[in-house]
Amino acid sequence: MKSTLATLSLLATTTLAVPSATTFPAASGETAFPTAHIVSGSFDGEMLRFSRDPNTCRDQTETGEADAMFIVEPGGAISNAILSAAQAEGIHCRGACTLTNVWWEDVCEDAATFKQAAANATSRVVGGGARRAADKIFQFNGRGTVAVTDFYAEDYGKLVRSCGDCGANGGPRHVVVEGVVAKQGGVLCGINSNYEDTCTITGSCQNSGKSCDRYTGVEKGDGNSVKIGSGPDNYSCSVDGFTRTC
Ligand SMILES: *[C@@H]1O[C@H](CO)[C@@H](O)[C@H](O)[C@H]1NC(C)=O
Ligand SMILES: *[C@@H]1O[C@H](CO)[C@@H](O)[C@H](O)[C@H]1NC(C)=O
């Protein structure tokens, strides 16, 4: 029985290690909004390419929600959308949200920011992909869990980073990475050990073997967060079925 279970879990892991797609999809058309589009409930982008006009991207200058492409109200969901380079802050989730089959062609400041306050909240990214992120793809400023499943990342700094130096910083923040393929980039998660964050990576690959970096996070105004270690420590960061073969 034990070996059957082990085989099954190996099969499950192998299956998970493939995101829905590793090529960026073609857009069905173009659309642009003058301000951030607010989503409550579900929004299906029908594979249109979304931009801000005028363009709000100012590279790594941290702007804010107003410069995002979409703002998602708690419990909201976005699916089937392509975000162009012509926007700054991607998607801002004010509470738990679900982003399914969303593609970021050229990440500006970051692709999405998760701000859910509740310790039991979970936001999910399912399928989709992001590329050309000078630093972070997903910024986790709230609490609870962010789960990234079957996602494709290419040419990026970090896949998910717990806020290093937010106001009212703290945790714990839990990052779950499953079935992610990540190339030409850095760690899949950067977490703050001093706030009891965790990162669990299963059935994923990063072609340089970069899984997680552990930091000491700080309160805004108290300097910078400091990196204290890399790789799984089997306490705050654990990996299972993690490879360099992407
Ligand atoms: C989360 O916790 C809050 C307050 O403790 C509770 O009201 C809510 O039902 C919980 N939600 C879930 C999804 O468990
Ligand atoms: C974590 O666990 C794995 C698998 O049991 C083991 O190979 C590895 O040495 C452990 N790492 C640390 C830092 O304890």
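Anything mentioned here points back to the structure above.
The following paragraphs examine the structure supplied in this document. Source: prediction; values computed, not measured.

Criteria and cut-off values
Residues numbered from 1 in each chain as written. Chains lettered and ligands numbered in written order. Predicted model: local features only at pLDDT ≥ 70, side-chain atom pairs only at ≥ 80, totals over all residues. Heavy atoms only, no water. Pairing = 2+ DSSP bridges. Helix = DSSP H or I, 4+ residues; strand = E, 2+ residues; numbered from the N terminus. Axes fitted to C-alpha atoms, helices over the stretch in contact; angles between N-to-C directions. Phe/Tyr/Trp six-rings, centres within 6.5 Å; stacked < 30°, edge-to-face > 60°. Lys NZ or Arg CZ within 6 Å of the ring centre and 35° of its normal. Core = buried A, V, L, I, M, F, W, Y, C linked by side-chain atoms within 4.5 Å. Buried < 20%, exposed > 50% of the residue type's maximum accessible area, 1.4 Å probe, protein only. Contact = heavy atoms within 4.5 Å. Salt bridge = Lys/Arg side-chain N within 4 Å of Asp/Glu carboxyl O.

**Section: the sheet that holds strand β19 (residues 212-216)**
No. 1: With mixed pairing, nine strands are arranged side by side in an open sheet as β2-β4-β6-β8-β11-β14-β17-β19-β20. Two strands bound the open sheet, and with one partner strand each, they are β2 (37-39) and β20 (226-230). For this sheet the average axis-to-axis angle between neighbouring strands, irrespective of direction, equals 20°.
No. 2: Across two bridges, the pairing between strand β14 (residues 158-162) and strand β17 (residues 189-192) is parallel. Bridging from a neighbouring strand, Arg161 pairs with Gly190 of β17.

**Some points on the packing of aromatic side chains**
No. 1: Under the criterion given, the structure shown has 10 aromatic pairs.
No. 2: When the centroid spacing of 5.0 Å and the interplanar angle of 65° are considered together, the rings of Phe24 and Trp103 count as edge-to-face. Taken together, the residues span a long stretch of sequence, with Phe24 in the loop between α1 (2-16) and β1 (29-33) and Trp103 in strand β7 (residues 98-104) at a distance of 79 residues.
No. 3: Taking 5.6 Å as the distance between ring centres and 80° as the angle between the ring planes, the aromatic pair formed by Trp104 and Phe138 counts as edge-to-face. With Trp104 in strand β7 and Phe138 in strand β11 (residues 136-140), the pair connects residues that are 34 residues apart, well separated along the chain.
No. 4: Three or more aromatic residues joined by ring pairs make a cluster, and in this case those are Phe33, Phe43, Phe50 and Phe70.
No. 5: Of note, Arg131 hangs over the ring of Phe24, and the distance from its end group to the ring centre comes to 4.0 Å.
No. 6: Here the guanidinium or amino end of Arg161 rests over the ring plane of Tyr215, the centre of that ring lying 3.8 Å away.

**With respect to the nonpolar core**
No. 1: Of all hydrophobic cores here, the largest spans 44 residues; its most connected members are Ile91, Leu99, Trp104, Phe138, Phe151 and Leu159.
No. 2: Discounting residues that sit within four places of it in the chain, Leu159 has contacts with Ile137, Phe138, Val148, Phe151, Ala153, Val177, Val180, Val187 and Leu188.
No. 3: Ranked by size, the runner-up nonpolar core spans seven residues in total, among them Phe24, Met47, Trp103 and Tyr152.

**Points about unusual backbone geometry**
No. 1: A cis amide bond links Asp53 to the next residue, Pro54, at an omega of 5°.
No. 2: Mapped onto the elements of the fold, Pro54 is located in the loop between β3 (42-52) and β4 (70-72).
No. 3: At the junction of Gly171 and Pro172, the peptide bond is cis and its omega measures out at 0° in the coordinates.
No. 4: You can see Pro172 is positioned in the loop between β14 and β15 (173-178).
No. 5: Despite not being glycine, Asp150 has its phi angle at roughly 55°, a positive value.
No. 6: Mapped onto the fold, Asp150 is located in the loop between β12 (144-149) and β13 (152-154).
No. 7: Residue Glu196 is not a glycine yet carries a positive backbone phi of 65°.
No. 8: Take Glu196: it is sitting in the loop between β17 and β18 (198-206).

**Notes on the pattern of salt bridges**
No. 1: Scanning the entire structure with this criterion turns up nine salt bridges.
No. 2: Glu105 is the salt-bridge partner of Arg49, the closest N and O atoms lying 2.9 Å from each other. Highlighted residues: Arg49 in strand β3 and Glu105 in the loop between β7 and β8 (112-114), separated in sequence by 56 residues.
No. 3: The partner of Asp213 in a salt bridge is Lys227, and the shortest N-O contact between them spans 3.3 Å. Of the two residues, Asp213 is situated in strand β19 and Lys227 in strand β20; the sequence distance between them amounts to 14 residues.
No. 4: Overall, the relative accessible area of 8% leaves Asp213 in the buried class.
No. 5: Judged by its relative accessible area of 47%, Lys227 is partly exposed.

**Side note on the pairing of β11**
No. 1: Across the five residues of β11, five count as buried, placing the element largely inside the fold.
No. 2: Note that β8 and β11 share three bridges and pair parallel. Within the sheet, the bridge partner assigned to Thr113 lies in β11 and is Gln139.
No. 3: Taken together, the four bridges between β11 and β14 define a ladder with parallel strand orientation. Looking at the pairing, Gln139 lines up with Arg161 of β14.

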